[in-house]
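Summary of the model geometry
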Amino acid sequence: MASVSLLGRSRALPSAATSLFASASLKPTLRLQGLAALSLSRSLTTVLVDGSGSFEAPLRRIQSAVAKDGTQPVDVLTVGQRGIAQAMVAAAQLESSSTKAKPTFIIQQTNDEEAKPHLPKDFKLTGKERYFKISFPPASEWKLEGTPESRAKTTTSEGSSQAKPDKLIVGNKTEVMKLAKAVMARSFPLEPGMSISVETAIKGQAKMLNLRLQHLAQTASRAHHWQVSPVDRSRSVRTFRCAASVRKAAEGDPEPSHPSDPSAPRPFEALKGYSFLILEVLPDGPVGGVIL
């Protein structure tokens, strides 16, 4: 059973969180030691996903956090490649228990200073980990319905009369900077209610799957940073939220570049039959963005 210790500490809400949710002073923190740690306050719940244990454990922790009363926002802090991979898998499975609507969220890259207070004292760090924060609104505000395909802009390829959803693909050698630029270029002209999908295969070697899922998170966090902290404030920005889901294989889908590793833990045992994880980018505000 997880041990519980009371930490006499208060912490200000991060600036990105205060722009999303009503802020309030935080109370002392409760820490649950184990596969994931919950840091509970009156106005914010933090779930730590450190990459240990099964892929199912973080989902259960996040579901437990959002089910408290449906009115608390939830921050998921992740440590390392496997940690963000676990969190992305969990996000793809989250839905409202009453309406089945899915949450939207923001992904930001953070640092060890924010994660370390939530880590067990004996947790081993290599110094090479990347840290991310996925910020979910309260469960009572989860409103996204329908599928990514229903919100996507469609395109017709040369030599084909069949329109297909416009999407970007993450492979093992995808360059995050180029992908983030492509995401923003395609999202700026989208009408309200439309989205652009970035997806990756959830087959192949576990190590490469973790890498691709981290690249998804890096792409979203970098693009988000450009919109909230632009270098050139004379240029338009367009903020966005993300959503995650999975889909089955379809005709014309590429095969994974590496064969599956039968000895590796399968992160999608609960989602057998699905082949792709989709990170959907849903732009806010008017077409073309705004000047800050």
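Residues numbered from 1 in each chain as written. Predicted model: local features only at pLDDT ≥ 70, side-chain atom pairs only at ≥ 80, totals over all residues. Heavy atoms only, no water.

On to the overall build of the chain, then. Along its length, the chain carries seven helices and 13 strands. Split into buried and exposed, the 292 residues of the chain put 50% on the buried side. By sequence separation, contacts in the chain at least 24 residues apart represent 76% of the contacts at least 6 residues apart. Within the structure as shown, the chain displays about 14,500 Å² of accessible surface, and the carbon and sulfur contribution to it stands at 52%. (Helix = DSSP H or I, 4+ residues; strand = E, 2+ residues; numbered from the N terminus. Buried < 20%, exposed > 50% of the residue type's maximum accessible area, 1.4 Å probe, protein only. Contact = heavy atoms within 4.5 Å. Areas by Shrake-Rupley, 256 points an atom, 1.4 Å probe, with all protein chains shown as cover.)

Further remarks concern helix α3 (residues 80-93). Relative to the 20 Å expected for 14 residues at 1.5 Å per residue, α3 spans 21 Å between its end C-alpha atoms, a close match to the ideal helical length. Across the 14 residues of α3, 11 count as buried, placing the element largely inside the fold. Within the span of α3, buried status applies to G80, G83, I84, A85, Q86, A87, M88, V89, A90, A91 and A92. (Expected span 1.5 Å × (residues − 1).)

Attention now moves to the nonpolar core. The nonpolar side chains of a soluble globular protein tend to be buried with one another. Ranked by internal contacts, the top residues of the largest apolar core, which has 49 residues, are V76, F105, I107 and I134. Looking at which element gives the most residues to this core, the answer is α3, with eight residues. What V76 contacts, discounting residues up to four positions off in sequence, is V47, V49, I62, A87, F132, K133, I134 and F136. In terms of nonpolar packing, the next biggest core, distinct from the first, is built from six residues, V79, A115, L119 and Y131 among them. (Core = buried A, V, L, I, M, F, W, Y, C linked by side-chain atoms within 4.5 Å.)

Bringing the pairing of strand β12 (residues 240-247) into the picture now. The element β12 is largely enclosed, with a buried count of eight among its eight residues. Burial along β12 is two-sided: the face carrying F240, C242, A244 and V246 and the face carrying R241, A243, S245 and R247 are both buried. Bridge count between β12 and strand β13 (residues 276-283): eight bridges; the pairing is antiparallel. Counted as the bridge partner of R241 is L282 from β13. (Pairing = 2+ DSSP bridges.)

A few words on the packing of aromatic side chains. The full count for this structure, using the stated rule, is two aromatic pairs. Ring plane angle 55 degrees and centroid distance 5.2 Å describe the contact between F105 and F136, whose orientation is recorded as tilted. Placement of F105 in the loop between α3 and β6 (106-110) and of F136 in strand β7 (residues 131-136) is noted, with a sequence separation of 31 residues between them. The pair formed by F105 and F136 is uniform in burial state, with each residue classed as buried. A ring pair is formed by F136 and W142, whose centres lie 6.5 Å apart and whose planes are at 45 degrees; its orientation type is tilted. Take F136 and W142: they sit in the same class, and that class is buried. Ring pairs connect the aromatic residues F105, F136 and W142, which therefore count as one cluster. (Phe/Tyr/Trp six-rings, centres within 6.5 Å; stacked < 30°, edge-to-face > 60°.)

Turning our attention to the pairing of β6. Counting buried residues in β6 gives four out of five residues, a clear majority hidden from the surface. Note: β6 against β7, five bridges, orientation antiparallel. Residue pairing in the sheet places Q108 in a bridge with K133 of β7.

What follows is about helix α6 (residues 176-187). Residues spaced three or four apart along an α-helix face the same direction, because each turn holds 3.6 residues. Its 12 residues place the ends of α6 16 Å apart at the C-alpha level, agreeing with the 16 Å of an ideal helix rising 1.5 Å per residue. What α6 keeps buried is the set V176, L179, A180, V183, M184 and S187. Buried residues in α6, looked at end-on, bunch into an arc of 135 degrees, giving them a common side. For α6, the exposed residues set more than 90 degrees away from the buried face come down to K178, K181 and A185. Each element contacted by the buried residues of α6 is listed here: β10 (167-169), β11 (196-201), α7 (206-228), β12 and β13. (Arc of directions from axis to C-beta.)

The four strands are arranged β10-β11-β13-β12 in an open sheet whose pairing can be described as mixed. At either end of the open sheet lies a strand with only one pairing partner, and these are β10 and β12. Pairs of neighbouring strands in the sheet enclose a mean axial angle of 25 degrees, with direction left out of account. Each of β11, β12 and β13 touches α7; the most contacted strand, β11, lies at about 160 degrees to it. (Axes fitted to C-alpha atoms, helices over the stretch in contact; angles between N-to-C directions.)

Positionally, V176 belongs in helix α6. The buried category is assigned to V176, whose relative accessible area is 10%. Separated by 43 residues in the primary sequence, V176 and T219 place their C-alpha atoms 5.5 Å from one another. If we ignore the near neighbours within four places in the chain, the residues touching V176 are H215, Q218, T219 and R222.

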